[in-house]
Every structure is written in C-alpha cells, then in structure tokens.
Amino acid sequence: MTPALPWWSGTVIYQLIVRSYSDGNGDGIGDFKGLAARLPYLRWLGVNTLWLTPIYPSPLRDGGYDITDFTGIHPDLGDLASFHRFLTAAHSQGMRVILDLVLNHTSDLHPWFQRARWAPKGSSERDVYVWSDDPKRYAEAPVLFRHFEASNWEWDPVAEQYYLHRFLRHQPDLNYENPWVQDTMLEVVDFWLDRGVDGFRLDAVPFLFESEGSRCEGLPETHTFLKRLRERVDRHGRDVLLLGEAIQPVQEAAPYLADDELHGAFNFVLTAHLFAAIASGRIQQLGECLMEAEQAVCGPRWALPLRNHDELWLGDGHLISDEVIQTIRVGLPQGQGHWLNWGINRRLAPLLNGDPRSNRLLHGLLYSLPGMPCLYYGDELGMGDWPGLRDRDPNRTPMAWTPARNGGFSTAPDPLLVLPPITAPGYDYRVVNVEVQKQLPGSLLNWHRRMLTCRRLLPALRHGSFRLLHSPHPGVLVYLRCTEAMTVLVAANVTAAGASLSLDLSEWAGERTREVMWGCEFPPAAAEWFVNLPPYGFNWWLIGEVEPAATPA
Ligand code: GLC
Ligand code: CA
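Residues numbered from 1 in each chain as written. Chains lettered and ligands numbered in written order. Predicted model: local features only at pLDDT ≥ 70, side-chain atom pairs only at ≥ 80, totals over all residues. Heavy atoms only, no water.

## What about a positive patch on the surface?
So the rule is basically this: What goes into a patch is any residue over 30% in relative accessible area without a salt bridge, connected to like charges within 9 Å or, for nonpolar side chains (Val, Leu, Ile, Met, Phe, Trp, Tyr), within 5 Å. Only the protein chains shown count as cover for residues, and the accessible areas themselves come from Shrake-Rupley with a 1.4 Å probe. Think of a salt bridge as a Lys or Arg side-chain nitrogen and an Asp or Glu carboxyl oxygen that are within 4 Å of each other. Two residue types count as positive, namely Lys and Arg, and two as negative, namely Asp and Glu; His and chain ends fall outside the count. Taken as the charge centre is NZ of Lys, CZ of Arg, CG of Asp or CD of Glu, depending on the residue. Under the DSSP-based scheme used, a helix requires at least four consecutive residues in state H or I and a strand at least two consecutive residues in state E, with every element numbered from the N terminus.
A cluster of basic residues, Arg43, Lys438, Arg449 and Arg456, forms a positive patch at the surface. Residue position: arginine 449 is located in helix 15 (residues 444–457).

## Structural notes on the site of ligand 1
The criterion, for reference: Here a residue is near a molecule or strand as soon as one of its heavy atoms is found within 4 Å of it. The term polar contact refers here to a pair of N or O atoms within 3.5 Å; inside protein, the definition further demands a hydrogen-donor-capable atom paired with an acceptor-capable atom, and it admits residues adjacent in sequence only when both atoms are side-chain atoms.
What surrounds ligand 1 is a group of 13 residues, the closest being Asp62, His105, Asp203, Glu245 and Asp310. The contact in question runs from an oxygen atom of ligand 1 to an N or O atom on the side chain of histidine 105, over 2.9 Å. Contact distances for ligand 1 include 2.9 Å between an oxygen atom and a side-chain N or O atom of histidine 309. Relative to its free-state accessible area of 300 Å², ligand 1 is covered by the protein chains to the extent of 97%.

## Describing the environment of proline 535
Quick reminder of the rule: Whether two residues touch is decided by their heavy atoms; if any such pair falls within 4.5 Å, the residues are in contact.
Relative to the helices and strands, proline 535 is located in the loop between strand 21 (529–533) and strand 22 (538–543). For the pair proline 535 and threonine 495, spaced 40 residues apart in sequence, the C-alpha to C-alpha distance is 5.9 Å. Apart from the residues within four sequence positions on either side, proline 535 is in contact with Arg357, Asn493, Thr495, Ala496, Ala497 and Gly498.

## Examining the sheet that holds strand 9 (residues 264–266)
For the record, the criterion: Any two strands with at least two DSSP bridges between them are considered paired. Angles shown run from 0 to 180 degrees and are taken between the N-to-C directions of axes, each axis being a line fitted to C-alpha atoms and, for helices, limited to the stretch in contact.
Reading around the barrel, the eight strands line up as 1-2-3-7-8-9-10-14 and close back on themselves, with parallel pairing between neighbours. Each neighbouring strand pair of the sheet contributes to a mean axis angle of 25°, computed without reference to strand direction. Across four bridges, strand 2 (residues 49–52) lies against strand 3 (residues 96–102) in parallel orientation. Counted as the bridge partner of tryptophan 51 is isoleucine 98 from strand 3. Where helix 4 (residues 80–92) meets the sheet, it contacts strand 2 and strand 3, and its direction lies at approximately 135° from that of strand 3. Across the sheet, helix 6 (residues 179–194) touches strand 3 and strand 7 (199–203), and the angle it forms with strand 3 is around 160°.

## Comments concerning the state of the cysteines
Every disulfide links exactly two cysteines, by a covalent bond between their sulfur atoms. Which entries qualify depends on this criterion: Any two cysteine sulfur atoms lying within 2.5 Å of each other are counted as a disulfide. Note on classification: 1.4 Å probe, protein chains only; a residue is buried when its accessible area is under 20% of the maximum for its type, exposed when over 50%, partly exposed between these limits.
The tally for this structure, following the rule as stated, stands at zero disulfides. No disulfide involves cysteine 374; its sulfur sits 15 Å from the nearest other cysteine sulfur, which is in cysteine 289. With relative accessibility at 4%, the residue cysteine 374 sits in the buried group. Not part of a disulfide, cysteine 520 finds its nearest cysteine sulfur in cysteine 454, a span of 12 Å.

## Concerning helix 7 (residues 220–234)
Every α-helical turn comprises 3.6 residues, leaving residues that sit three or four positions apart pointing alike. Here is the rule: Expected helix span is taken as 1.5 Å per residue step, with the number of steps being one fewer than the number of residues.
In this model, helix 7 (15 residues) spans 21 Å end to end at C-alpha, consistent with the 21 Å of a helix rising 1.5 Å per residue. Check the buried side of helix 7 and you find it contacts helix 6, strand 7 and strand 8 (241–244).

## Comments concerning the environment of tyrosine 129
Take tyrosine 129: it is sitting in the loop between helix 5 (111–118) and strand 4 (131–132). A C-alpha to C-alpha distance of 49 Å links tyrosine 129 and leucine 480, two positions 351 residues apart in sequence. When sequence neighbours within four positions are dropped, the list of residues in contact with tyrosine 129 reads Thr106, His110, Trp112, Phe113, Ala116, Pro172, Asp173, Leu174 and Asn175. Separated by 3.4 Å, the side chain of tyrosine 129 and the backbone nitrogen of phenylalanine 113 make a polar contact.

## Here's the deal with the pairing of strand 14 (residues 372–376)
Summarising burial for strand 14: five of the five residues are buried, a large majority. The alternating pattern of strand 14 places Met372, Cys374 and Tyr376 on one face and Pro373 and Leu375 on the opposite face, and all of these are buried. The pairing of strand 1 (residues 13–16) with strand 14 spans three bridges and is classified as parallel. The residue bridging glutamine 15 from the neighbouring strand is tyrosine 376, located in strand 14. Bridge count for strand 10 (residues 302–305) against strand 14 is three bridges, and the pairing is parallel. Across the sheet, residue proline 305 finds its bridge partner in strand 14, namely cysteine 374.

## Points about the nonpolar core
Using the following cut-off: Throughout this description, the term nonpolar core refers to a set of buried Ala, Val, Leu, Ile, Met, Phe, Trp, Tyr and Cys residues connected via side-chain atoms within 4.5 Å.
Ranked by size, the top nonpolar core spans 163 residues in total, and within it Tyr14, Leu42, Leu52, Phe83 and Phe86 carry the most contacts. Element by element, the count of residues in this core is highest for helix 9 (residues 268–280), at 10 residues. Residues in contact with leucine 42, not counting those within four places in the same chain, are Tyr14, Leu16, Tyr21, Leu35, Val47, Leu50 and Met95. Grouped together as the second largest cluster of nonpolar side chains are 17 residues, Val476, Ala491, Val531 and Trp541 included.

Right under this line is the structure:
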C-alpha cells in the first residue's frame, strides 16, 4: 500500500495579511473576527491552506516581522481567544492555517533586546543577540534592505557595541550560537502547535548563523538547527508543514528540503523565470529551471508564488543571472520603475499592465506545475496597488469586497483605515471587488474558482509526476502531469502572438483527448497533433479514457 500523502501535498496556499483583509469591529483595521466571517468566501474560492503574515504584538516597523512577543496576538487583530475561534472555524470548513514564524530576529523593542543592551558586555543577557566592536565583520553578507540601510551593523549607544541586523535596524538578529535562543524559539513552536496551527512559513531561514568570509546564508549550523526544529515538530505526532523562505538559487534552496529538515520551500527562481518568460516570449530558461528544480527535489515540495507581500525579489545576480534580471526589467510592462531594494515593488495585475491574458496564463501555469501554488490575497481579482505608499505598503492595501464604502473592508471613516483602498483608474474597488466579480461569469475571480475546481478533480495536477515534452515553438511550454490513472497535457504560449504548432503524441496514438476546463473533445492523439493557442493562451487536456473525479459545476 502506498503511504498516505501528507495534507499539504498539492495544497493551494492563500496568503493574506489579517490587518488588510476584513475589519470585524469597525476600527479600520482587519482582525480575526473579520477574517473568520470571510471563511465561507475562501472555501467557495477553493483554497485549502491559509498563510497568515505575522499576527504577533509588534511596533509594525516592518509589517509585523518585527516582533515583541512571540506568543501573543497583536491587539489590533484580537486576542488568543479570537484567534482560537478563527482557527476552529477554518478547520471546520476544511482549511489549514499556517503562521509566519520569524526565527532570525526580533523587534528592537522586544524585552530580550532591551535587557541585552543594558546588560554588561559578555553577560548571558547580552549574548542573546549578535554584538561586535567592529562593524566590518561579515563584510560579505549583502545588505538586503539596501534602500533603507547602508550596513548590517548598528551602533547602540547604551550597549556601546554594534549589533547585527540583516534587515532593518529595528530588527536585531538573534544569536543562534546561544543555546537559550534555540531552546526558547523551539518552545515558541510548541506553543503554537499546542494551539492547533497546522504549520509555519519560516521567515528568512538562511540567516540564522553567521560565518566570516561567507554571505552568511544557509550555513551548516543553520541546517543543523532546522533539523532540530523538524525533530521537535515531529514530536507532536501529526502532519505539520514547515515551509521555508529561502530566496536562494535552486541548488542552495534544495538542502533545506533534506528528508529530516523542512517539508517545503518557495521556488523564487521559478517565480522570476515565469516573469522572464512573459517578458521575453521564450520558454527555454523556464524549462531548464523546472528541470533543475525537479531533479533537485521531487516537485510537490516546492511552493510556487507569483507575488507576495514583498517586492518581486530578483536579487543581486546571485538568485538569477543579471541577464534574466535585465529581461524582466526591460520586458515587463511595469518592470522599469518602482524598484525597491532588489526587486520590483508592484502587485501582479499592475505589473502586467492589467492584461488579463498574461495574468491567467501565469496562474494557469502555477495551478498545473508540480508544487503548492501560492495565491496572494486580491490577486484572484486582479486587484491593483498604490505606488508611492511607503516601503512595501503599495502591495498590502485592503481587500476589495464590495462596491460600498472602503470596498466593504471596513465601516470606519477613511482616516482610520490601515491603508487606503484602491481607487486607481482601472482598479477602482467599485469595479474590482468580490461581489461584482462573483456576478460576472467571465470574471477573473470566477475563472480562478473554476481552475481550482478542475485542479481538485485532477489528482495528476496535485501530485502527479512531471515531464517536459519537446516543444517545436520557442514560446510554448509543453508538459505532462501523470499519475498511474491519469495523464494531463499542458501547453502554454508565453508570447503576445498566436502560436500554431504540432505536438508528437505518438506515445498515446489514437487515444481520446479532451480539454479540461469545458470538457470539449479534441482530435485523438497522433504523431502530428495540431494545436492553436491565442496570445498568452494555454490549455489543459486529459489524454485517454479517464474520468475526472466528477464534472466541475
Ligand atoms: C521576509 C519577509 C519580509 C520581511 C523580512 C524580514 O523576507 O517576507 O516581509 O521584511 O523577512 O523579516
Ligand atoms: Ca478591526
């Protein structure tokens, strides 16, 4: 008998920011009460896992990734009781919940840091963070938030030493050489697992340890700690998802997926290559990247995002080549401006100039490639952004629910809102919102729902094997997803022109082929099987006599 698959195999992850999602008490800030009331929508949409960006007490200098208490709930969002009510409701509606867990650093207002800076040099309290008398240590570690910080070190006049911060100066790095730090963070993991959460998105995992003469990313000690973390999680005796955020080339991200380490990791290289494919109209490098990821680790363990709450991270030439970065910058409609740190600070729809065709194509790939697709809240509507807001706030504005005031996000007066709802031309919440799109059969929202329904009915797309087929067209990616019982063929045209091509399906000669979305029959498979794809067109076909689990309504 084949072992049961873990719950997260092939799951569709929906990432959301609680404070921007839905306001349940009318104070202008999204909260757990509001989110709980939106669960039926998420169930209707067809996502299975909710990833919540940090929900902990925080001064919010970095969107909550600067934490002052790892076992509390930010008072704006509710309390442990309202979190519990939300979690129970999510579970009862068949959804899993994973929390963002920030292991690498705390807020500078965390009591541990305040204690450390006032404690004597060399004391155990001081040792909870990484201090130095010399700000030139670890000089090869890149400054990640280069638009906000010039160095990874900050002078602390109280401690009279420099402290390390790989992110903002308000986020001192914890010292993982210190066993107390390791033990205490593992207790945090226990705390949330005891409260029933289903897993964690592990923020910034590569940076836990430092070493002179390296980029200070993914060091052996970091992997040793992550194995400890895995072992700790396994003690809970149930399937928990550990999903790592390592913005690294595939070969450097893959080690996090060793059998005794994390279950999943984001494939940010693939994200970049998806955009590069659209930008260049060519699929060769995308295909190579897929093969590399597949060979490194079996496909379903990669999480696949298009966009998230950060800038579209392209990096300093380490993640993807300068040439690919250039392709994206020059080739994407909105690739030139809006540069923040090492990436492009725009939401998906505006990044594609509002073109629904490329938007659907990218999601069509995401939903059929091996892995866990990650949908960023609002992208199911093609929601816009507000360039000009500070830092990454352009991508974090309130979800648009209805054409009513504030997009139905909150009843509070405008000045109290967490961020302004989108009223930009083409993206105005009076048009781009859940209520309106639900009623329009051809809307992006209804399309997502249908795609997710099809995906649910086709096990091959969730955990089937992956095989790239030879494509006679430089702009059309062709692949198969197969289980023993089912073969799904995908062809995707990344160019802005129509594509006409013939595929060699002699392996299945004479078998029935049916397009998945609407069930329409195509000519039987043959050595020369012709397909026409419109600009940015794509299709999924079932090959053979298999019946999907049921017909999508
Ligand atoms: C991750 C988060 C980002 C945050 C950073 C520091 O990269 O995605 O939003 O600013 O870590 O915690
Ligand atoms: Ca509220």
